[in-house]
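# Survey of secondary and tertiary structure
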Amino acid sequence: MKKTYRFYVVDDNPVSVKLMTRILTVDKHTVFSSTSSQAAAAEIPELKPDCILLDIMMPEIDGIQLCKKLRKNKALADSRIVMVTGTFSESDRNRAFAAGGDGYIVKPFDPKQLAGQLVRIIEDSVELTFWGVRGTLPVPGKRAVRYGGNTSCVSLSFARGQLFIFDAGTGIKKLSDHLMAEQPKMLKAKIFISHPHWDHINALPFFAPLYVHGNEFEICGPAQSHVSIAEILSGQMDGIYFPIQIQEFGSSIQFRDLAEETLVMDGIEVQTLRLNHPGHCLGFRLKYNDRVVCYVTDNELLPETSPHYDAKYIEKLSRFVENADALITDCTYGDAEYKGKIFWGHSSVSRAAHLAHNAGVKRLFLFHHDPDQTDKDIDEKLKVARAALRQMKSSVRCIAPREKQSFFL
């Protein structure tokens, strides 16, 4: 049964109050409200709602001042405060979070999405979405209907509005379509490139939000020898290879070269690890409050029988993904296929299962499927992985995600 919550809406516009009340009560939530911020300041501590919705531009006490006032009340320590306002300037957004706000929603909002957005903020959930799960080449046609045929792209959307995107294979076009349909007033995001092989960068020029003035992006990834990530991505849009150059992007873009390091980005800890793959390829470990998500593709897990097996690397990788709530990792080949493709930089599905079990991962997401594999082949890899986990009496939950499929962490 879906959980319901208690809301308090504060907005000097009675039409806005009525609309939000109607939306939330349809989903069986309880709603209190006031068009007077002064009256609300006195009533809210007595009701102790789960979530307080504040407009910013109000007489008496504006939304940010009211947020500061409510945050001083220890009785409201567990209440979420969300600005639902018509002002979308970056300075107002920053002031709202600095005052103790937990979310920021710009009017006019989508009535179909408002309740879900607010529940996510209350529960502080992270939305993990797969936009492309294939490797090497996109796969058109009937053999890739269920899992989709697009190459690597995954997104993480956080309750406070942060958006992290991993890789820019052809799946990023699906994400682009989704974001443009939402018509956000302003979009800020981090784009992490694991490495610059074509299936991880070649659809970046088709990511439409990059062409929108007012949007802001930071594109992060490993340099290759003396060539920076900025030079690599602009190079693939050189006139020889592509008709539009990177200077045509209308948004504000910053580039960051990454090595093995740990840094904090938008309040989220990001740790990187160099992977066993040709060139300089990075895996990412994100820690957000009590949740950990690891994105580890492309990576070869050599069998223990190989003379090139590196126990120290496996130990380091296991620590990197240890106790992750979600591990998204390379399982390009079935076990039989892998025998003929050693040193190609990709893993077999059984090795991925063993890594997840030994590291105490909660959920294993099979990723980066070979382009020759059909939906049935991916089904078979999933069966093999689950069988291996059962044999180890593992608690790991194994999933083969589909294109556009989302999970909440």
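What you see is a predicted model, and the numbers here were worked out from it, not measured in a lab.

Of the volumes computed, that of the largest pocket is approximately 1,400 Å³. Residue assignment for the lining of the largest pocket shows that the elements contributing at least two residues are helix H4 (90–98), strand E5 (103–106), helix H5 (111–123), strand E6 (127–132), strand E7 (153–157), helix H6 (171–182) and strand E19 (405–408). Examining the composition of the lining of the largest pocket, we find that 6 residues originate from one element, H5, more than from any other. Of the residues in the lining of the largest pocket, the class split is 19 nonpolar, 12 polar and 11 charged.

Let us look at the packing of helix H11 (residues 349–358) against helix H12 (residues 375–391). Where H11 meets H12, the axes come as close as 9 Å, and the angle between the chain directions of the two elements is 40 degrees. Taken together, H11 and H12 sit at an angle that is classed as oblique. The handedness of the crossing between H11 and H12 comes out as right-handed. Of the residues in H12, those touching H11 at Val 349, Ser 350, Ala 353 and His 357 are Lys 381, Val 384, Ala 385, Ala 388 and Leu 389. Among the residues making up the contact of H11 with H12, the classes are represented as 6 nonpolar, 2 polar and 1 charged.

What follows deals with the packing of aromatic side chains. Geometrically, a pair of aromatic rings is defined through the distance of the ring centres and the angle of the planes. On inspection of all chains with the given rule, the structure shows 15 aromatic pairs. Ring geometry for Phe 130 against Phe 367: centres 6.1 Å apart, planes inclined by 50 degrees, an arrangement best described as tilted. Taken together, the positions of Phe 130 in strand E6 and Phe 367 in strand E17 (residues 363–367) put the pair 237 residues apart, joining distant regions of the chain. Residue Phe 130 shares its accessibility class with Phe 367, and that shared class is buried. Chaining the aromatic ring pairs together yields one cluster made of Phe 130, Phe 158, Phe 164, Phe 166, Phe 192, Phe 284, Tyr 288, Tyr 295, Phe 365, Phe 367 and Phe 407.

To continue, consider helix H1 (residues 14–26). Along its 13 residues, H1 runs 18 Å from first to last C-alpha, staying within 8% of the 18 Å computed at 1.5 Å per residue. Looking at the buried residues of H1, the elements they touch are strand E1 (6–10), strand E2 (30–34), strand E3 (51–54), strand E4 (80–85) and H5. In this structure Asn 13 caps H1, since a side-chain oxygen of it lies 2.9 Å from the backbone nitrogen of Val 15. Of the residues flanking the end of H1, it is Lys 28, one or two places downstream, whose phi is positive at about 75 degrees.

Before going further, it helps to spend a moment on the side chain of Thr 329. Tracing the chain through its elements places Thr 329 in strand E16 (residues 326–330). For Thr 329, a relative accessible area of 1% corresponds to the buried category. Side-chain polar atoms of Thr 329 contact the backbone oxygen of Val 296, separated by 3.1 Å.

Moving on, we come to the pattern of salt bridges. For the structure on display, the rule yields 19 salt bridges. Ionic pairing is found between Glu 218 and Arg 256, a salt bridge with its closest N-O pair at 2.9 Å. With a gap of 38 residues between them, Glu 218 in strand E10 (residues 216–222) and Arg 256 in strand E11 (residues 252–258) connect regions that are remote in the sequence. Residue class for Glu 218 comes out buried when judged on its relative accessible area of 8%. Each of the salt bridges in this network shares a partner with another, and the network as a whole consists of Asp 11, Asp 55 and Lys 107.

For the pair H1 and H5, interaxial distance at closest approach is 9 Å and the crossing angle is 70 degrees. Classed by the angle they form, the pair H1 and H5 counts as roughly perpendicular. At the point where H1 passes H5, the crossing takes the right-handed sense. Contacts between H1 and H5 involve Met 20, Ile 23 and Leu 24 from the former and Pro 111, Leu 114, Ala 115 and Leu 118 from the latter. Taken together, the residues of the contact of H1 with H5 sort by class into 7 nonpolar, no polar and no charged.

As a further point, take the environment of Ile 399. Relative to the helices and strands, Ile 399 resides in strand E18 (residues 397–399). Placed 69 residues apart in sequence, Ile 399 and Asp 330 show a C-alpha to C-alpha distance of 13 Å. If near-sequence neighbours (up to four positions away) are discounted, Ile 399 is found in contact with Arg 363, Leu 364, Phe 365, Leu 366, Leu 382 and Phe 407.

Spatial ordering of the open sheet is given by E2-E1-E3-E4-E5, a layout of 5 strands whose pairing is parallel. The two strands at the open ends of the sheet, each matched to only one other strand, are E2 and E5. Strand-to-strand twist across the sheet, computed as the mean angle between neighbouring axes with direction ignored, equals 20 degrees. Two strands pair when backbone bridges link them, and E3 and E4 are joined in this way by 4 bridges, in the parallel orientation. Within E4, the residue paired with Leu 53 across the bridge is Val 82. Docked against the sheet, helix H3 (residues 63–71) engages E1, E3 and E4, running at close to 175 degrees with respect to E4. Strands E1, E3, E4 and E5 of the sheet are contacted by H5, whose axis makes an angle of about 165 degrees with E5.

Conventions adopted
- Residues numbered from 1 in each chain as written.
- Predicted model: local features only at pLDDT ≥ 70, side-chain atom pairs only at ≥ 80, totals over all residues.
- Heavy atoms only, no water.
- 1 Å grid on protein atoms, 1.4 Å probe; cavity = no way out; pocket = protein on both sides within 12 Å on 5 of 7 lines; lining within 4 Å.
- Points joined across faces, edges and corners; volume = space filled by probe spheres on them.
- Helix = DSSP H or I, 4+ residues; strand = E, 2+ residues; numbered from the N terminus.
- Nonpolar A, V, L, I, M, F, W, Y, C, P; charged D, E, K, R; others polar.
- Axes fitted to C-alpha atoms, helices over the stretch in contact; angles between N-to-C directions.
- Parallel < 35°, antiparallel > 145°, perpendicular 65-115°, else oblique.
- Left-handed = near helix turned anticlockwise from the far one by under 90°.
- Contact = heavy atoms within 4.5 Å.
- Phe/Tyr/Trp six-rings, centres within 6.5 Å; stacked < 30°, edge-to-face > 60°.
- Buried < 20%, exposed > 50% of the residue type's maximum accessible area, 1.4 Å probe, protein only.
- Expected span 1.5 Å × (residues − 1).
- Polar contact = N/O pair within 3.5 Å; in protein donor to acceptor, adjacent residues only side chain to side chain.
- Salt bridge = Lys/Arg side-chain N within 4 Å of Asp/Glu carboxyl O.
- Pairing = 2+ DSSP bridges.

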